[in-house]
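Per-entry structural report
Letter by letter, the chains look like this.
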Amino acid sequence: MKRAIPVLVLSIAGLIPVWRYEASTGTTSTAAPTPTPSTSSSGTSGTVVKGTTIKTEKGPVQVEVTFDGDRIGSVRMLQQPNHPQTTAAVPKLVAETLSAQSADIDTVSGATITSGAYRKSLQAAIDANDKSDSASSPSASASASPQTVAGPTVDTSKGPVQVEVTFDGDRIGSVRMLQQPNHPQTTAAVPKLVAETLSAQSADIDTVSGATITSGAYKKSLQAAIDAKGA
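Source: prediction; values computed, not measured.

A closer look at the confidence of the model for the protein chain
Taken residue by residue, the protein chain gives an average pLDDT of 80. The fraction at 70 or more is 76%. Note on residues 7–44: pLDDT is under 50 here. Beyond four places in sequence and across chains, it has 0 contacts.

Listed below in structure tokens is the structure:
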């Protein structure tokens, strides 16, 4: 009976290392780190460029532009004067920018100083993006550079109408009026015609009510520019 006790103790002692080993092995496997994919952060995001800060008597103005390739995808104000006229003007300036795809936009009435500073900061951001593109791929940027075509002048009873179209490849990137009648209805109609053109990507657009003559002449000059680009 006395000999049985040591045997039992040795048997139990022999099981202890086995139990410890299994527990240790299990802890090591479950603590292994899992890699986190990072491709989603850089997948479809555009290039964000800050324009220069322009100091004015009303306050500093600075824009931040997000580019989708060479296209302006969005514009955000980083700094702007705390003034009701500026607050009202900014959405108009941004909308004009997205339509024109450039800093060649009109001054907003009542916000002349802010409009000028906005354009300067915006142009600086555009220039910085252009330099970045040309530095990274000079041959590609040269072959894909925008092409500007002026349509013919169409004379109307209200006055001459002529458009200038900038193409990004086969796509209409922007439309600018070179000549248009000095008339309130024409002034109101042109932004609508341009917006319709950018949406339709053709001259097959609706006539603007109250500006039938200008609309018809606009479409003729636009179609001629498109045909010249195709030729």
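Quick look at the side chain of T97
With respect to the helices, strands and loops of the structure, T97 is situated in helix α2 (residues 84–100). The class for T97 is buried, based on a relative accessible area of 0%. The contact partners of T97, leaving out residues within four places of it in the chain, are I72, V75, S102, I105, Y118 and L122.

A closer look at the environment of T112
For T112, the location among the structural elements is in helix α3 (residues 112–136). Using a relative accessible area of 54% as the deciding quantity, one classes T112 as exposed. Along the sequence, T112 and A89 sit 23 residues apart, while their C-alpha atoms lie 9.5 Å from each other.

Some thoughts on the nonpolar core
Ranked by internal contacts, the top residues of the largest apolar core, which has 23 residues, are V63, V65, Y118 and L122. Residue assignment for this core shows that the elements contributing at least two residues are β2 (62–68), β3 (71–79), α2 and α3. If we ignore the near neighbours within four places in the chain, the residues touching L122 are V63, V65, T97, S102 and A103. In this structure, V163, A189, A211 and A217 belong to the second largest nonpolar core, which totals 22 residues.

What to know about the sheet that holds strand β1 (residues 47–50)
Consider a sheet: its strands pair through backbone hydrogen bonds, and that pairing is either parallel or antiparallel. Judged by pairing direction, the sheet is antiparallel, and its 3 strands sit side by side in the order β1-β2-β3 without closing on themselves. Strands at the two margins of the open sheet, each flanked by one partner only, are β1 and β3. Strand-to-strand twist of the sheet, defined as the mean angle between neighbouring strand axes without regard to direction, takes the value 20°. Across 4 bridges, the pairing between β1 and β2 is antiparallel.

Brief notes about helix α5 (residues 184–200)
Owing to its 3.6 residues per turn, the α-helix brings residues three or four apart onto one side. Its 17 residues place the ends of α5 25 Å apart at the C-alpha level, agreeing with the 24 Å of an ideal helix rising 1.5 Å per residue. Along α5, the sharpest kink reaches roughly 25°, centred on V190 and followed within four residues by the proline P191. T186, A189, V190, L193, V194, T197 and L198 are the residues of α5 that are buried. At its buried positions, α5 is contacted by α2, β6 (171–179) and α6 (212–230).

Rules used throughout
- Residues numbered from 1 in each chain as written.
- Predicted model: local features only at pLDDT ≥ 70, side-chain atom pairs only at ≥ 80, totals over all residues.
- Heavy atoms only, no water.
- pLDDT = per-residue confidence, 0-100.
- Contact = heavy atoms within 4.5 Å.
- Helix = DSSP H or I, 4+ residues; strand = E, 2+ residues; numbered from the N terminus.
- Buried < 20%, exposed > 50% of the residue type's maximum accessible area, 1.4 Å probe, protein only.
- Core = buried A, V, L, I, M, F, W, Y, C linked by side-chain atoms within 4.5 Å.
- Pairing = 2+ DSSP bridges.
- Axes fitted to C-alpha atoms, helices over the stretch in contact; angles between N-to-C directions.
- Expected span 1.5 Å × (residues − 1).
- Bend = angle between axes of the 7 residues up to and from the residue.

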